[in-house]
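Examination of the molecular architecture
Single-letter residue listing:
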Amino acid sequence: MLVGELASLPGFVLVNNGEEPERSIESVYCCDLLSLVMGRAPAGGAWVTVMGNVNSVAVAVLADVACVVLAEGAAYDDVAEHRAKDKGVALFKTDLPVFDAALLIHSMLGNRDD
């Protein structure tokens, strides 16, 4: 699945397209503790969180995730959206719970045997 295709999933809204809408999403990672995300989020993953501040955008850049999905109806603050545009980070939001959002993305990856 490509980053740009996330907007076609039910309940997903594109907030910022980022620099690489054709980037492939390789996995899904869920966590709200930014220090864990920095060390454990896989590059190319879709990061599902409820942290919508500018620090999340910085961590997304450091971890080289494919995109950030803000779940649970949480909102990005204005500074985070502005920084995401500057840094080319793809942002999405959804009202879905974190687990449901991650499971939907995972089910769309299609190349998993698990």
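Above this note sits the structure.
Residues numbered from 1 in each chain as written. Predicted model: local features only at pLDDT ≥ 70, side-chain atom pairs only at ≥ 80, totals over all residues. Heavy atoms only, no water.

Where burial is concerned, the two faces of strand 2 (residues 27–30) differ: the one with Ser27 and Tyr29 is buried and the one with Val28 and Cys30 is not. Direction of pairing for strand 2 relative to strand 3 (residues 45–49): parallel, over a ladder of four bridges. Within strand 3, the position partnered with Cys30 by the bridge is Val48. Crossover strand 2 to strand 3 through helix 1 (residues 34–40) is right-handed. (Buried < 20%, exposed > 50% of the residue type's maximum accessible area, 1.4 Å probe, protein only. Helix = DSSP H or I, 4+ residues; strand = E, 2+ residues; numbered from the N terminus. Pairing = 2+ DSSP bridges. Right-handed = clockwise from strand over helix to strand, strands pointing away.)

Locating Thr49 in the fold gives a position in strand 3. Using a relative accessible area of 0% as the deciding quantity, one classes Thr49 as buried. Side-chain polar atoms of Thr49 contact the side chain of Asp32, separated by 2.6 Å. Ignoring any residue separated from it by four or fewer positions in sequence, one finds Thr49 in contact with Cys31, Asp32, Val68, Val69, Leu70 and Ala71. (Polar contact = N/O pair within 3.5 Å; in protein donor to acceptor, adjacent residues only side chain to side chain. Contact = heavy atoms within 4.5 Å.)

With respect to burial, strand 3 is a largely interior element, five of its five residues being buried. Neither face of strand 3 is exposed, since Gly45, Trp47 and Thr49 on one face and Ala46 and Val48 on the opposite face are all buried. Taken together, the four bridges between strand 3 and strand 4 (residues 67–70) define a ladder with parallel strand orientation. If you follow Thr49 over to strand 4, its bridge partner there is Leu70. In this region the chain leaves strand 3, passes through helix 2 (residues 54–63) and returns to the parallel neighbour strand 4; the handedness of that crossover is right-handed.

With that settled, consider the packing of helix 2 against helix 3 (residues 78–87). Relative orientation of the contacting elements helix 2 and helix 3 amounts to 25 degrees, with a least axis distance of 7 Å. By the angle between their directions, the pair helix 2 and helix 3 is classed as roughly parallel. Mapping the contact onto sequence places Val54, Val57 and Val61 in helix 2 and Val79, Ala80, Arg83, Ala84 and Lys87 in helix 3. (Axes fitted to C-alpha atoms, helices over the stretch in contact; angles between N-to-C directions. Parallel < 35°, antiparallel > 145°, perpendicular 65-115°, else oblique.)

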